[in-house]
Amino acid sequence: MHELERNGRLTNIELARKIGLSTSACLRRVQELERNGTILGYRAVLNRDVLGSGFVVMVAVGLSRHLKADQVEFERVMANAPEVRECHSISGTVEYLLRIEVADLAAYKHFHTEVLGMVPQVSSITSHIVMASPKDERA
């Protein structure tokens, strides 16, 4: 699995050689990992700077109430916001951690005001601008 995590474009022949299996055994294992849900999919890693969304902000969001309906509504709004690349329900002093990717500070301010600021369930927003990502293994 580690080899596929590092490079999901390996051919079955290349993968089999790297992990020391026959190509048929390797293919059966990969197919089983896909079938049982261990491998959820394959995707391209895009250069967000080239796409114009390289300004990254991690945002801690607190909700005013701890009701299931409030969580469902907040998650619905975040699912429909293209700036939100990740939305994690977390434990601790706030309920959610978001990864926001936009073009620049002005675009983030717009998201902060016009999207997060318009969600009635939100009681707190703490923004952390990502300066660099020396290790990022998301694929």
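Everything numeric in this text was worked out from a predicted model, so none of it was measured.

Draft legend 1. Representation of the layout of surface pockets. By volume, the second largest pocket is sized at about 540 Å³. Around the second largest pocket sit 20 residues that line it, and Arg-48, Arg-99, Glu-101, Asp-136 and Arg-138 are the ones nearest its centre. Where the lining of the second largest pocket is concerned, the elements lending two or more residues are helix 4 (48–51), strand 2 (84–89) and strand 3 (96–102). Partitioning the lining of the second largest pocket into residue classes produces eight nonpolar, three polar and nine charged.

Draft legend 2. Here's a closer look at the packing of aromatic side chains. Inspection of the entire model under this criterion finds two aromatic pairs. Note on Phe-74 and Tyr-96: the rings are 4.5 Å apart at their centroids and 40 degrees apart in plane angle, and the pair reads as tilted. Placement of the pair is Phe-74 in helix 5 (residues 68–79) and Tyr-96 in strand 3, with a sequence separation of 22 residues. Residue Phe-74 is classed as buried on the basis of its relative accessible area, which comes to 0%. Here Tyr-108 and Phe-111 contribute two aromatic rings whose centre-to-centre distance is 6.3 Å and whose plane-to-plane angle is 35 degrees, an arrangement assigned as tilted. Placement of the pair is Tyr-108 and Phe-111 together in helix 6 (residues 105–114), with a separation of three residues, close to one helical turn. Note on accessibility: Tyr-108 and Phe-111 belong to one class, buried.

Draft legend 3. Structural detail: the pattern of salt bridges. Counted according to the given criterion, the structure contains eight salt bridges. Across the salt bridge formed by Glu-73 and Arg-76, the nearest N and O atoms sit 2.7 Å from each other. Remark: Arg-76 and Glu-73 occur in helix 5; sequence separation between them is three residues, near one turn of the helix. Shared partners join several salt bridges into a network, and the residues in it are Arg-48, Arg-85, Arg-99 and Glu-101.

Rules behind the numbers
Residues numbered from 1 in each chain as written. Predicted model: local features only at pLDDT ≥ 70, side-chain atom pairs only at ≥ 80, totals over all residues. Heavy atoms only, no water. 1 Å grid on protein atoms, 1.4 Å probe; cavity = no way out; pocket = protein on both sides within 12 Å on 5 of 7 lines; lining within 4 Å. Points joined across faces, edges and corners; volume = space filled by probe spheres on them. Helix = DSSP H or I, 4+ residues; strand = E, 2+ residues; numbered from the N terminus. Nonpolar A, V, L, I, M, F, W, Y, C, P; charged D, E, K, R; others polar. Phe/Tyr/Trp six-rings, centres within 6.5 Å; stacked < 30°, edge-to-face > 60°. Buried < 20%, exposed > 50% of the residue type's maximum accessible area, 1.4 Å probe, protein only. Salt bridge = Lys/Arg side-chain N within 4 Å of Asp/Glu carboxyl O.

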